[in-house]
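Next come the chains, spelled out residue by residue.
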Amino acid sequence: MLFFRVRQGDMANITLENVSKIFPGGIVAVDDVTLEIADGEFVVLVGPSGCGKSTLLRMIAGLEEVSGGRISIGSEEVTDLAPRSRDIAMVFQSYALYPHMTVRQNIGYGLKVRRAPKDEARRRVAEVAELLGLEDLLDRRPAHLSGGQRQRVAMGRAIVREPKAFLMDEPLSNLDAKLRVGMRASLAQLHTRLGTTTVYVTHDQTEAMTLGQRVAVLRDGRILQVDTPQRLYHEPRDVFVAAFIGTPAMNLVEATIDGDDALFGRFRIPLDPERRPALDHRKVTLGIRPEAFEAAASAPAGAPTLEVAPAVVEELGSDAHVFFPVDAKRIGLDTGLTQDDEGTFLAQEEALFSARIDPRVDAAVGRPLTLAVDPARFHFFDVESGISLLPATPAATEPLPNELQSAAR
Amino acid sequence: MSSPLAGAPLAGVPARARRRRGGRRGRLGWNALGLAVFALIIFPVYWMIATAFKRGSDIFADTPVWFPIHPTLSNFTDAIHRPHFWADVKNSLIIVGCVVALSLVLAFLAALALAKFRFYGRKAFIVLIIGVQMIPLNALIIPIYLVLAKANQVDKLSGVIITYLTFVLPFTVWTLRGFMIGVPRELEEAAQVDGSTRFGAFVRVLLPLIGPGLVATSIFAFIQAWNEFIMAYVLLHSPEKQTLTVWLASFTTNRGTAWGPLMAGATLTALPVVIFFVAIQRKIAFGLTAGAVRG
Ligand SMILES: Nc1ncnc2c1ncn2[C@@H]1O[C@H](COP(=O)(O)OP(=O)(O)OP(=O)(O)O)[C@@H](O)[C@H]1O
Ligand SMILES: [Mg+2]
């Protein structure tokens with residue numbers, strides 16, 4: 001089908017240069033954001049509620065005035081252009097379907113106001129309806145559609161115009177969990193087919209990690225890190241990113257570097273000489289992902305071990321989560337997530353670590369357990385600034401080509 | 001429905017309702033009261049229509065004739081053949097048409113400004129709109145007359161139209177603003193991204209969605225302009241430039257009142273309002289914004 005061709009027209013990279021937004025009353029919603037989004041790339045903006053994701057997206061769309069900085073789409077600067085002159089399409093969280101129009105009219109609205117020839121408009125609406133499975137619903141009003149169907153109509157309205165870029169603001173957040181997983185896959189597929197530059201806003205890190213070729217983590221209006229999902233996970237440059245990405249979340253604890261060892265609680269773990277901060281006798285924030293732990297029995301010989309007392313054991317089938325107290329100061333970070341996996345009702349002064357281990361290991365509450373840990377997977381952050389103390393490994397700052405990424409997904 | 005629990009809450013409803021309304025006798029009392037109020041409201045209308053069909057002797061009979069036993073149309077022919085009837089019908093229609101059309105256009109634009117744009121003095125303007133409606137009309141007759149006389153608008157339909165707009169607009173602007181605030185902003189934004197100008201989005205998306213508001217306000221404007229008497233009476237001197245309400249006043253002369261033809265004329269005058277309302281009211285109940293947002 002002709003429609004599914006990959007875009008070939010003009011380049012549609014999006015460039016943000018020092019973009020800021022200050023709302024009346026002095027609220028800084030977006031603070032000096034610089035971001036280059038390549039043609040055809042799928043970039044996700046993720047962050048806790050109120051971090052300025054929607055505002056940034058709306059500024060790209062032209063729905064919000066820019067307080068400072070420049071925005072370009074393709075080779076054209078659009079900072080002061082009206083939304084309709086930017087050739088972008090937007091999918092709103094609420095879908096924003098026109099209630100007085102049928103599905104057909106909703107999808108065709110953009111073509112109609114842009115005076116596309118009638119025949120072509122009809123053909124394209126039909127194609128999009130087929131692509132999204134909306135053929136039987138074309139004459140219905142939005143009020144008579146289910147949530148998932150409305151979502152697809154909203155997508156269709158964006159796709160039909162073949163814009164330079166899609167801007168999506170939490171498009172799946174009003175769907176129930178099961179539908180969301182399905183739509184997420186469809187979105188990824190759709191991007192592979194159409195190859196349209198996409199900026200996608202979400203506060204759901206799973207969506208961010210699965211959809212984004214690159215993910216930008218925002219906090220308080222600033223971009224903390226932009227990277228591929230893998231690098232965000234393995235090499236967070238900031239303690240907030242480290243805490244935000246990954247479930248269960250990374251264990252963070254205050255530790256002291258003492259010579260070649262890290263001290264936290266009553267544990268002393270020798271550091272990996274390849275991966276350690278160049279400091280001595282200093283307090284750092286130590287980060288250990290749950291999967292850096294292993295049951296001592298199945299660990300390679302010589303790995304440092306910890307004697308722990310499990311407080312909670314969760315058997316998940318594929319693996320088991322063991323929670324154990326660590327006698328050290330907990331690092332509290334408000335990542336704004338409802339963390340059903342590790343949220344604790346009990347106020348706890350000391351840190352509760354989680355370890356993901358092989359379910360065949362017979363772990364039980366009240367029975368001491370020996371865990372091995374891999375120091376090559378430690379993360380260190382500055383206590384004050386939260387910035388990573390490890391040197392950034394050189395990596396492709398350029399995003400992967402479209403086809404490769406899609407294949408990787 | 002097969003659930004054994006399904007019946008339980010339903011069974012509780014009548015019991016609760018009975019208790020709240022104080023038994024069957026209490027409900028009967030309320031119904032009777034309702035009927036009495038209804039009769040009170042409808043009686044003058046009935047009397048007007050009945051009188052319009054009565055013979056002169058029945059109208060002035062010492063024992064009231066409740067129903068026109070010998071119906072006649074002579075009152076109607078009499079009324080219609082009075083001088084200037086058709087000219088005044090035309091005047092009324094022109095005035096009402098202009099007032100409804102102008103008030104819709106002006107109120108839409110003004111409500112748009114109040115609902116969608118922030119500007120200095122917006123709050124003050126809103127307060128002013130409400131405040132203006134509190135001033136009694138009778139207090140304004142002389143000032144309005146003087147202003148219109150200066151502008152050379154006395155004894156002209158345009159002067160009456162302007163005057164009526166000043167009564168009608170505050171209410172219509174206020175009402176439409178309320179309807180507009182109820183339309184999610186994202187709908188316009190979606191239209192703008194889709195390729196509309198800001199104003200285009202207002203016209204293509206907002207305007208259809210506030211349809212019920214437009215209907216309600218146009219009915220209001222119609223009734224106000226059609227039924228108004230005092231200002232028209234003061235402003236329009238020439239018999240061929242008067243409205244129907246003023247024409248009705250001509251049935252009362254210093255030799256007395258021609259009740260039969262007056263009631264026939266009043267019945268005829270009331271007809272267009274009824275027709276307009278019936279034609280347009282079904283659109284009010286429409287909940288058009290349903291399904292705009294959320295799942
Ligand atoms: N019109 C506005 N006027 C003033 N402040 C605003 C306005 N819109 C947003 N803000 C503020 O700007 C900040 C960023 O808001 P934004 O809507 O971009 O957050 P978000 O990251 O999209 O959050 P969420 O995940 O809850 O949608 C918030 O502190 C918010 O209160
Ligand atoms: Mg948002």
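Below is a short write-up of the structure.

1. Describing unusual backbone geometry
Residues and elements named next belong to chain A.
- Following Thr247, the chain continues to Pro248 via a peptide bond in cis, the omega torsion being -10°.
- Among the structural elements, Pro248 can be located in the loop between helix H8 (239-244) and strand E11 (251-258).
- The phi dihedral of Glu170 falls on the positive side, at around 45°, and the residue is not glycine.
- One can find Glu170 in the loop between strand E7 (165-169) and helix H5 (177-194).

2. Comments concerning the packing of aromatic side chains
- On inspection of all chains with the given rule, the structure shows 23 aromatic pairs over all chains.
- Cluster of aromatic residues (ring-pair linked, three or more members): Phe264, Phe267, Phe293, Phe324 and Phe353 of chain A.
- Here the guanidinium or amino end of Arg157 of chain A rests over the ring plane of Tyr98 of chain A, the centre of that ring lying 4.6 Å away.
- Between the NZ or CZ atom of Lys54 of chain B and the centre of the ring of Trp47 of chain B, over which it lies, the distance is 3.6 Å.

3. Looking at the side chain of Asp227 of chain A
Residue and element names in this part refer to chain A.
- Among the secondary structure elements, Asp227 is positioned in strand E10 (residues 222-227).
- For Asp227, the side chain forms a polar contact with the side chain of Gln225, separated by 3.1 Å.
- Side chain to side chain, Asp227 and Arg231 meet in a polar contact 3.0 Å long.
- Setting aside residues up to four positions removed in sequence, Asp227 forms contacts with Arg214, Val215 and Leu232.

4. A look at a positive patch on the surface
- Residues Lys112, Arg115 and Lys118 of chain A together with Arg204 of chain B make up a contiguous surface patch of positive charge.
- Among the secondary structure elements, Arg204 of chain B is positioned in helix H10 (residues 198-209).
- The exposure class of Arg204 of chain B is partly exposed, given its relative accessible area of 33%.

5. A few points about the site of ligand 1
Residues and elements named next belong to chain A.
- Around ligand 1, the structure places Phe23, Ile27, Ala29, Ser49, Gly50, Cys51, Gly52, Lys53, Ser54, Thr55 and Glu170.
- One of the side-chain N or O atoms of Thr55 is found 2.5 Å from an oxygen atom in ligand 1.
- Isolated, ligand 1 exposes 630 Å² of accessible area, and the fraction of that covered by the protein chains is 62%.
- For the shell around ligand 1, the secondary structure elements donating two or more residues are strand E2 (27-37) and helix H1 (53-61).

6. Observations regarding the sheet that holds strand E17 (residues 312-315) of chain A
All names here are of chain A.
- The strand order across the open sheet built from three strands is E17-E18-E19, with neighbouring strands paired in antiparallel fashion. Here the strands that pair on one side only, and so sit at the sheet edges, are E17 and strand E19 (350-357). Between one strand axis and the next, the sheet turns by 25° as a mean value, whatever way the strands run.
- Relative to strand E18 (residues 320-329), E17 runs antiparallel, the two being bridged by four bridges. Looking at the pairing, Val313 lines up with Val322 of E18.

7. Examining the sheet that holds strand E13 (residues 267-270) of chain A
Residue and element names in this part refer to chain A.
- The antiparallel open sheet is built from five strands, whose spatial order is E13-E12-E11-E14-E21. At either margin of the open sheet sits one strand with a lone partner, and together these are E13 and strand E21 (378-382). Averaged over neighbouring strand pairs, the angle between their axes works out to 40° when direction is ignored.
- In this sheet, E13 lies alongside strand E12 (residues 261-264) in antiparallel orientation, the contact comprising four bridges. The residue of E13 that forms the bridge with Ala262 is Ile269.

8. What to know about the side chain of His100 of chain A
- Structurally, His100 of chain A can be placed in the loop between strand E6 (88-91) and helix H2 (103-113).
- A distance of 3.1 Å separates a polar atom in the side chain of His100 of chain A from the backbone oxygen of Arg204 of chain B.

9. Here we look at the interface of chain B and chain A
- Contacts between chain B and chain A engage 24 residues on the former and 27 residues on the latter.
- Summed over both partners, the interface of chain B with chain A comes to about 2,300 Å²; 57% of that surface belongs to carbon and sulfur atoms.
- Summed over the shared surface of chain B and chain A, the result is three salt bridges.
- For Asp194 of chain B, the salt bridge identified is with Arg161 of chain A, shortest N-O distance 3.2 Å.
- At the boundary of chain B and chain A, one finds 12 residue pairs in polar contact (both at pLDDT 80 or more).
- The set of elements that each furnish at least two residues to the side of chain B that touches chain A consists of helix H9 (185-194) and H10 of chain B.
- Looking at which element gives the most residues to the side of chain B that touches chain A, the answer is H9 of chain B, with nine residues.
- Residues that form the side of chain B that touches chain A fall into these classes: 11 nonpolar, seven polar and six charged.

Definitions and cut-offs
- Residues numbered from 1 in each chain as written.
- Chains lettered and ligands numbered in written order.
- Predicted model: local features only at pLDDT ≥ 70, side-chain atom pairs only at ≥ 80, totals over all residues.
- Heavy atoms only, no water.
- Helix = DSSP H or I, 4+ residues; strand = E, 2+ residues; numbered from the N terminus.
- Phe/Tyr/Trp six-rings, centres within 6.5 Å; stacked < 30°, edge-to-face > 60°.
- Lys NZ or Arg CZ within 6 Å of the ring centre and 35° of its normal.
- Polar contact = N/O pair within 3.5 Å; in protein donor to acceptor, adjacent residues only side chain to side chain.
- Contact = heavy atoms within 4.5 Å.
- Patch = residues over 30% accessible without salt bridge, like charges linked within 9 Å, V, L, I, M, F, W, Y side chains within 5 Å.
- Areas by Shrake-Rupley, 256 points an atom, 1.4 Å probe, with all protein chains shown as cover.
- Salt bridge = Lys/Arg side-chain N within 4 Å of Asp/Glu carboxyl O.
- Lys, Arg positive; Asp, Glu negative; His and termini not counted.
- Charge placed at Lys NZ, Arg CZ, Asp CG, Glu CD.
- Buried < 20%, exposed > 50% of the residue type's maximum accessible area, 1.4 Å probe, protein only.
- Near = heavy atom within 4 Å.
- Pairing = 2+ DSSP bridges.
- Axes fitted to C-alpha atoms, helices over the stretch in contact; angles between N-to-C directions.
- Buried area = accessible area lost by both parts, 1.4 Å probe.
- Nonpolar A, V, L, I, M, F, W, Y, C, P; charged D, E, K, R; others polar.

Coordinates in, geometry out; function isn't part of it.
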